[in-house]
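# Architecture at a glance
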Amino acid sequence: MTLALSSFPPQEYAAWRAGFLARRAAGPRMRGLDPGLAKARAERNNGTLLPAAGPAPNAEVLEVMDGAGRRGTIVLFWPASTAAQVGDLAIDPADAAEVRELVTARVRVAGAESLSLNVVAVEPATSAFVAGQAYDVIATQMQLDLGHVQTDDRADDRADDRAARVVVRPMTAAEVAAYFATAVEVFAEETMAADPLLGREDAVEGAERLHEQLLPQGAGTPGHDFLVAEDAGDRRRVGHLWLFHEGRAGFVYDVEVDTAERGRGYGRALMELAAGRCRGLGLEVLGLNVFGHNTVARGLYDALGYVAVDEAVRLRLSRP
């Protein structure tokens, strides 16, 4: 079979976009949200690159064609001048290898040095797209089922004991200001550590864009809690936590133990406190993102029962 890529017909874009957003709203990252919230979040997350009027200048919707007609669609966009990303892959997994060759050839000619995509557990075409290829894991989205009941009561008791080692309080206005004075730069540094091909300018721009998307009303955006963690005994500061909740879903956007306090179990205690806090709110799931180079954190989340729902991976491209 010989496949080809071509621009998606503009007159069909509105109907395609509606279907795309419906698929995004039903994806694993939307667990815990009612349909209305999931639809709104899908629009919010994708509206900049794929607005109703047509794809943004750095994005394109392509159709995968064979001699008989359309076999699928793919979204490509450019988060940076030398980095291309597959934003959506609606194809038959059997076509994935050939589609990958077509896509990589297309983006190489345009100057891409890398091609990334999210490998999603429930979307077999994404796994087939990278099968047999060498790739780097940039980050992993993980979720904890807050309704899971431990079969070992002693394990529950130990988790409660660990969580009781720390207490949290809201950041003061001065603490919030100090946190955000460095938050964008810190996140940009983390993304560059995870993706060495990413330049500083692109990393900072991406971090700024993410913070603007997450916090349209700044630190006062509803659902976001910025917390200071303290030792439950002497009440000294040991770290911080940025926790978000919407519908029946929570998300840890940032958690950090202060440098001088690391290696004492506060990280695990703080994560167990976050889970307990979310359970107390009646939430169903708690999500987080962990960068690929942070193996210590990934090991902790695995031990706490988090499971991966998708991985952001990058293929390095040879020059044409």
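As shown above, the structure is provided for reference.
Residues numbered from 1 in each chain as written. Predicted model: local features only at pLDDT ≥ 70, side-chain atom pairs only at ≥ 80, totals over all residues. Heavy atoms only, no water.

## A look at the overall build of the protein
Where we set the bar: We count a stretch as a helix when DSSP gives it H or I for four or more residues in a row; a strand needs E for two or more, and each element gets its number in order from the N terminus. Burial status follows relative accessibility: with a 1.4 Å probe on protein chains alone, a residue under 20% of its type maximum counts as buried, one over 50% as exposed, and anything between as partly exposed. Here, two residues are considered to be in contact whenever any of their heavy atoms come within 4.5 Å of each other. Using a 1.4 Å probe, the Shrake-Rupley method yields the accessible areas, and only the shown protein chains count as cover for residues. Charged-residue counts in this description rest on Lys and Arg as positive and Asp and Glu as negative, His and the chain ends being excluded. Charge positions are represented by NZ for Lys, CZ for Arg, CG for Asp and CD for Glu.
Broken down by element type, the protein carries 9 helices and 12 strands. Considering only C-alpha atoms, the protein reaches an extent of 70 × 40 × 35 Å along its principal axes. Taken across its 320 residues, the protein has 42% of its residues classed as buried. Within the protein, contacts between residues separated by at least 24 positions form 69% of all contacts whose residues are at least 6 apart in sequence. When the accessible area of the protein is evaluated, it comes to approximately 15,800 Å², of which 54% is carbon and sulfur surface. Averaged over its 33 positive side-chain charges, the protein has a centre that lies 1 Å from the centre of its 45 negative ones.

## A short note on the pairing of strand S5 (residues 114–120)
What counts, and what does not: DSSP bridges decide pairing: two strands pair if at least two such bridges lie between them. Consider the strands pointing away from the viewer: the crossover is right-handed when the path from the first strand over the helix to the second runs clockwise.
Summarising burial for S5: 6 of the 7 residues are buried, a large majority. Relative to S5, strand S4 (residues 83–90) is paired through 4 bridges, and the arrangement is parallel. Bridging from a neighbouring strand, Gln85 pairs with Ser116 of S5. Where the polypeptide runs from S4 across helix H3 (residues 96–109) and back to S5, its parallel neighbour, the crossover connection is right-handed. Bridging between S5 and strand S12 (residues 307–316) involves 7 bridges; their strand directions are antiparallel. Bridged to Ser114 within S12 is Arg316.

## Comments concerning H3
Let me state the cut-off plainly: To estimate how far a helix should reach, multiply one less than its number of residues by 1.5 Å. Of all possible arcs, the one meant is that of the directions from the helix axis to the C-beta atoms.
The end-to-end C-alpha distance of H3, which contains 14 residues, comes to 20 Å, matching closely the 20 Å that a straight helix rising 1.5 Å per residue would cover. Those residues of H3 not exposed but buried are Ala96, Val99, Arg100, Val103, Thr104 and Val107. Here the buried residues of H3 occupy an arc of 130° about the axis, which is enough to place them on one side. In the stretch just after H3, Gly111 is the one whose phi turns positive, near 100°.

## As for the packing of helix H6 (residues 173–194) against helix H7 (residues 200–214)
Spelled out, the test is: For helices, the axis comes from a line fit to the C-alpha atoms of the stretch in contact; other axes are also lines fit to C-alpha atoms, and the angle between any two N-to-C directions lies between 0 and 180 degrees. For classification purposes, an angle smaller than 35 degrees is called roughly parallel, one larger than 145 roughly antiparallel, one from 65 to 115 roughly perpendicular, and anything else oblique. What makes a crossing left-handed is the near helix being turned counterclockwise from the far one by less than a right angle; a clockwise turn instead makes it right-handed.
Closest axis-to-axis distance for the H6/H7 pair is 8 Å, and the angle between their directions is 125°. As the angle between them shows, H6 and H7 are arranged oblique. Regarding H6 and H7, the two cross each other, and that crossing is right-handed. When H6 is examined against H7, the residues Phe180, Ala183, Val184, Glu185, Phe187, Ala188, Glu189, Thr191 and Met192 are found in contact with a partner set consisting of Arg200, Ala203, Val204, Ala207, Glu208, Leu210 and His211.

## Notes on the pattern of salt bridges
Here the idea is simple: oppositely charged side chains can pair when their charged atoms come close. Note the threshold: Any Lys or Arg side-chain nitrogen located within 4 Å of an Asp or Glu carboxyl oxygen qualifies as a salt bridge.
Counted by the stated rule, this structure contains 34 salt bridges. Residue Asp145 is joined to Arg31 by a salt bridge in which the shortest nitrogen-to-oxygen separation is 3.3 Å. Here Arg31 lies in the loop between helix H1 (13–25) and helix H2 (35–46) and Asp145 lies in strand S6 (residues 136–145), a separation of 114 residues in the sequence. In this structure, the salt-bridge partner of Asp231 is Arg236, at a minimum N-O distance of 3.9 Å. The exposure class assigned to Asp231 is buried, which follows from its relative accessible area of 12%. We classify Arg236 as partly exposed; its relative accessible area is 27%. Counted as one network, the salt bridges with shared partners bring together Asp231, Asp234, Arg236, Glu261 and Arg264.

## Some words on the nonpolar core
The tendency in soluble globular proteins is for nonpolar side chains to be buried as a group. What counts, and what does not: Each nonpolar core is a collection of buried residues, namely Ala, Val, Leu, Ile, Met, Phe, Trp, Tyr and Cys, held together in the definition by side-chain atoms within 4.5 Å.
Membership of the largest hydrophobic core comes to 27 residues, with the highest contact counts inside it found for Leu286, Leu288, Tyr301 and Tyr306. Elements supplying a minimum of two residues to this core: S6, strand S8 (224–231), strand S9 (237–246), strand S10 (249–257), helix H8 (266–280), strand S11 (285–291) and helix H9 (295–304). Here the element with the most residues in this core is H8; it accounts for 8 residues. Contact partners of Leu288, with chain neighbours within four places excluded, come to Thr140, Gln141, Met142, Phe251, Val252, Met271, Tyr301 and Tyr306. One finds Val103, Ala112, Ala125 and Leu315 within the second-largest nonpolar core, a separate group that totals 24 residues.

## Focus on the side chain of Thr126
Note the following rule: Here a polar contact is recorded for every N or O atom pair within 3.5 Å, except that within protein the pair must consist of a potential hydrogen donor and a potential acceptor, and residues adjacent in sequence are included only if both atoms are side-chain atoms.
Within the secondary structure layout, Thr126 lies in helix H4 (residues 124–130). Owing to a relative accessible area of 2%, Thr126 belongs among the buried residues under this scheme. A polar atom in the side chain of Thr126 sits 3.0 Å from the backbone nitrogen of Val120. For Thr126, the side chain forms a polar contact with the main-chain oxygen of Glu123, separated by 2.6 Å.

## What about the environment of Ala38?
Take Ala38: it is sitting in helix H2. Overall, the relative accessible area of 3% leaves Ala38 in the buried class. Separated by 277 residues in the primary sequence, Ala38 and Leu315 place their C-alpha atoms 30 Å from one another. Apart from the residues lying within four places of it in its own chain, the contact partners of Ala38 are Ala25, Met30 and Leu33.

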